[in-house]
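Inside the fold
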Amino acid sequence: MTKIDTLTVPPTDDEVDTWWAVQVSAHAADATALPGVPVPTRAEADGRLRVPPARGRFVHWAQTDGEGHAALLLFTEEANTHTAFLDELTVRPDARRRGVGTALWERVRAELVDRGRTSVSTIADTGGPGQAFLESVGFVNVLPMAWYVQELGEDPAAEADPDVPGYELLTWAGLVPDAWAPAAAAAHGAMEDAPSGDGDERFTAWTPARVHAAQRLVLDRGGKMLMVAAVTPAGEIAAYTALVLPDPDGPRALQYDTVVVPAHRGRGLGRAVKLRMRAEAAVRHPELRRIGTTVADENTPMLAVNEALGYRRERGAGVFQLTL
């Protein structure tokens, strides 16, 4: 019988090592079916296990023999206490098809029911074992998307500097300056009209404190981040993009949100902030070789911008959801 334990809070070094070892072995086994998935690093595993999330609380479970683990994010914000996010459910390759994944899922499901959650979502690559398992227990892909990657050139000086008449491009490393946090929160509100499929998670208003909490989480977990914003003379953020390096020593970064406020669309600002970000990243992080991002299949404007900037489709993915 598979025995599942809850991780200690905070986890011990041995628990982090075991967690990471499961991730690495699963990655090696699945690399053929899912080429391009970055190799997990211990620094990333350590940060995600030790630093509490900004929007809720984590529950972590591990099979006692180190054969698998699961992580569930229970949202605590008022608008989303009905739902949750399955951050991870991973089984070591040599322990698959022996009931470990099912036992972990049953533990997760029991927690969801006990907490009164009526749905749970997760993000998974399509075409791999993760999708097959999710669908076997009733998850449905409610937002098809894909990963896209952009290669950085060897010569930072060759990166183009965009011309945006009427706007100034500003770059911030780490936290957005306090003076710009209200404008950043207002700009983030434009994400409300981004494609979300049929997901249960509800949009909640962004405040300066929430902006800083989300950014501080990246930094506290050992990562680094950059933000490029197109600003107006009146002090409005008309567009921005954010880049996160989960492991600053790694060769790959993640492009987080790219937002253009509705009143400023159609002026090339999405392209401009991404171009400036690419140039800034190349200079500030010369070891960086690749930027990855997800885009929903129905987000045709962003797909067009990314294609023009040289992004290529790497692999399919989706937001999968289960109604309890």
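Structure shown above.
This report concerns the structure included in the present document. What you see is a predicted model; the values in this text were computed from it and never measured. (Residues numbered from 1 in each chain as written. Predicted model: local features only at pLDDT ≥ 70, side-chain atom pairs only at ≥ 80, totals over all residues. Heavy atoms only, no water.)

1. So, the environment of R117
Threshold: Helix and strand assignments come from DSSP, with helices taken as H or I runs of at least 4 residues and strands as E runs of at least 2, each series counted from the N terminus. Residues count as neighbours in contact if any of their non-hydrogen atoms are within 4.5 Å of one another.
Along the polypeptide, R117 turns up in the loop between α3 (100-114) and β5 (119-125). Spatially, the C-alpha atoms of R117 and F75 are 9.7 Å apart, while their sequence positions differ by 42 residues. Each residue touching R117, except ones within four places of it in the same chain, is listed here: L74, F75, N80, T81, H82, T83, L112 and L324.

2. Focus: the packing of helix α7 (residues 269-284) against helix α8 (residues 300-308)
Definition in use: Orientation is described by axes fitted as lines to C-alpha atoms, over the contacting stretch for helices, and by angles from 0 to 180 degrees between their N-to-C directions. Any angle between 65 and 115 degrees counts as roughly perpendicular, while under 35 counts as roughly parallel, over 145 as roughly antiparallel, and the rest as oblique. By definition, turning the near helix anticlockwise from the far helix through less than a right angle yields a left-handed crossing, and turning it clockwise yields a right-handed one. Residues were grouped as follows: Ala, Val, Leu, Ile, Met, Phe, Trp, Tyr, Cys and Pro as nonpolar; Asp, Glu, Lys and Arg as charged; and all remaining residues, including Gly, as polar.
At a closest axis distance of 10 Å, the pairing of α7 and α8 adopts a crossing angle of 45 degrees. The orientation of α7 with respect to α8, classified from their angle, is oblique. Crossing hand, α7 versus α8: right-handed. In this structure, α7 uses G270, R271 and K274 to contact α8, whose residues at the interface are M302, V305 and N306. When its residues are assigned to classes, the contact of α7 with α8 shows 2 nonpolar, 2 polar and 2 charged.

3. Some remarks on unusual backbone geometry
Short version of the rule: The buried label goes to any residue with under 20% of its type's maximum accessible area, the exposed label to any with over 50%, and the partly exposed label to all in between, with areas taken from a 1.4 Å probe on protein chains only.
In this model, V9 is joined to P10 through a cis peptide bond whose omega is -5 degrees. Among the structural elements, P10 can be located in the loop between β1 (4-6) and α1 (13-30). The residue R97 is not glycine, and still its phi comes out positive at about 65 degrees. Along the chain, R97 turns up in the loop between β4 (84-91) and α3. A relative accessible area of 86% places R97 in the exposed class.

4. Considerations on the pairing of strand β2 (residues 56-63)
Let me state the cut-off plainly: Strand pairing is defined by DSSP finding a minimum of two bridges between the two strands.
Most of β2 sits inside the fold, with 7 of its 8 residues counted as buried. A loop of 4 residues connects β2 with strand β3 (residues 68-75), the two strands running antiparallel in sequence, and G66 in this loop sits at a positive phi of about 75 degrees.

5. Examining the packing of helix α5 (residues 181-188) against helix α6 (residues 208-220)
It is the contact of α5 with α6, at a shortest axis distance of 8 Å, that shows an interaxial angle of 90 degrees. Considering their axes alone, α5 and α6 lie roughly perpendicular with respect to each other. Only P208, V211 and H212 of α6 make contact with α5, whose side of the interface consists of A181, P182, A184 and A185. A class-by-class count of the residues in the contact of α5 with α6 yields 6 nonpolar, 1 polar and no charged.

6. Description of the nonpolar core
For clarity, the threshold we go by: To qualify as a nonpolar core, a set must consist of buried Ala, Val, Leu, Ile, Met, Phe, Trp, Tyr and Cys residues joined through side-chain atoms within 4.5 Å.
Grouped together as the largest cluster of nonpolar side chains are 27 residues, with contacts concentrated most on A230, L243, L269 and L288. Mapped onto this core, the elements with two or more residues apiece are β6 (140-151), β8 (224-231), β9 (237-245), β10 (252-260), α7 and β11 (290-296). Looking at this core element by element, the count peaks at 6 residues for α7. In contact with A230, other than residues within four places in its own chain, are Y167, E168, L169, E236, I237, A238, A239, L269 and V273. One finds I4, L72, A84 and L322 within the second-largest nonpolar core, a separate group that totals 22 residues.

7. A short note on the packing of aromatic side chains
Put simply, the rule is: Centres within 6.5 Å make a pair out of two Phe, Tyr or Trp rings, where for Trp the six-membered ring is used; the pair is then stacked when the planes are under 30 degrees apart, edge-to-face when over 60, and tilted otherwise. A ring is considered to have a charge above it if a Lys NZ or an Arg CZ atom is located within 6 Å of its centre and within 35 degrees of its normal.
In total, this model carries 2 aromatic pairs according to the counting rule given. Aromatic pair W105 and F139: ring centres 5.5 Å apart, planes at 65 degrees, arrangement edge-to-face. Note that W105 is positioned in helix α3 and F139 in the loop between α4 (129-136) and β6, a separation of 34 residues in sequence. Its relative accessible area of 6% is what places W105 among the buried residues. Over the face of the ring belonging to W206 we find R210, whose NZ or CZ atom lies 4.0 Å from the ring centre.

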